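Reading the structure
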Amino acid sequence: MEARQCRRCKKLFQFAGNPLCHSCVKEMDKKFNEVRDYLYDNPDSGIEEVCEAVGVETADIHRWLTEGRLILAHGSSIVMHCEKCGAPIQTGKLCDQCLGKLHNKLQEAADILKPPEPKKPLSIKEEGRMHLEIRKK
Ligand SMILES: [Zn+2]
Ligand SMILES: [Zn+2]
């Protein structure tokens, strides 16, 4: 496995497809629940207010919204817009109409295209490897 720097805490960790290390993933899961609970209790609060109350970045909330993990309540003052037509939406990137159209297109594309082969690293260059040494003195 490959060692990478965690996007959030900058620690090195074993990369397994997620840009965050295990403790940050756990931490963000906790934050996600807090944000969801906060929005549930305070549906009319704005995005900055939520960020301040829970201690997350607006980008985190936007990501959860576009991922469809976080869903805004009716009457929420946080407004998301459909990337295609600009209609107000409560989660994801597209409104139901555009999503429906996209789904049809994806279906057509899926019929034509074969699923992509999983990518395999060609070879590991030994000389390109970093040697990390911690020296105590
Ligand atoms: Zn981390
Ligand atoms: Zn739309």
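Refer to the structure above for everything that follows.
Here the residue numbers are simple positions, counted from 1 along each chain's written sequence. In the order they appear in the text, chains get letters beginning with A and ligands get numbers beginning with 1. This being a predicted model, a pLDDT of at least 70 is required before a residue's local features are given, and a value of 80 or more before pairs of side-chain atoms are given or counted; all residues contribute to the totals for chains, interfaces and linings. The basis for every side-chain value is the complete set of heavy atoms in the structure, and neither hydrogens nor water enter the calculation.

Considering helix 2 (residues 47-54)
- Exposure categories follow from relative accessible area, calculated using a 1.4 Å probe and restricted to protein chains: below 20% of the type maximum is buried, above 50% is exposed, and the middle band is partly exposed. Runs of E in the DSSP output that reach at least two residues are strands. Runs of H or I that reach at least four are helices, and both are numbered from the N terminus. Listing the buried residues of helix 2 in full gives I47, V50, C51 and V54. All buried residues of helix 2 fall inside an arc of 100 degrees around its axis, so they share one side. For helix 2, exposure combined with an orientation more than 90 degrees from the buried face picks out E48 and E52.
- Here, residues are in contact when the closest pair of their heavy atoms is within 4.5 Å. Where helix 2 is buried, its residues contact helix 1 (22-41) and helix 3 (58-67). The arc under discussion is defined with respect to the helix axis, by the directions toward the C-beta atoms.

Side note on the environment of Y38
- Along the chain, the position of Y38 falls in helix 1.
- Between the C-alpha atoms of Y38 and V54, which are 16 residues apart in sequence, the distance is 7.9 Å.
- Residue contacts for Y38: discarding those within four places in its chain leaves S45, E49, V50, A53 and V54.

Comments concerning the coordination of the zinc ion (ligand 1)
- All of the protein donors around the zinc ion (ligand 1) are C6 (SG), C9 (SG), C21 (SG) and C24 (SG); their distances to the metal are 2.3 Å.
- Each metal's donors are the N, O and S atoms found within 2.8 Å of it, except that Na, K and Ca use a 3.2 Å limit; water is left out, so coordination can look incomplete. When four donors show all angles between 85 and 135 degrees the site is tetrahedral, when four or six donors have opposite pairs over 155 degrees and all other angles between 65 and 115 it is square planar or octahedral respectively, and in every other case it is irregular. If you look at the zinc ion (ligand 1), its four donor atoms make angles of 105 to 114 degrees with each other, and the shape they trace is tetrahedral.
- Each donor residue of the zinc ion (ligand 1) belongs to the same chain, with the gaps between them written as C-x2-C-x11-C-x2-C. Within this pair, whereas C6 is found in the loop between strand 1 (2-5) and strand 2 (12-15), its partner C24 is found in helix 1, the two being separated by 18 residues in sequence. Here C6 and C24 have matching classes, each one buried.

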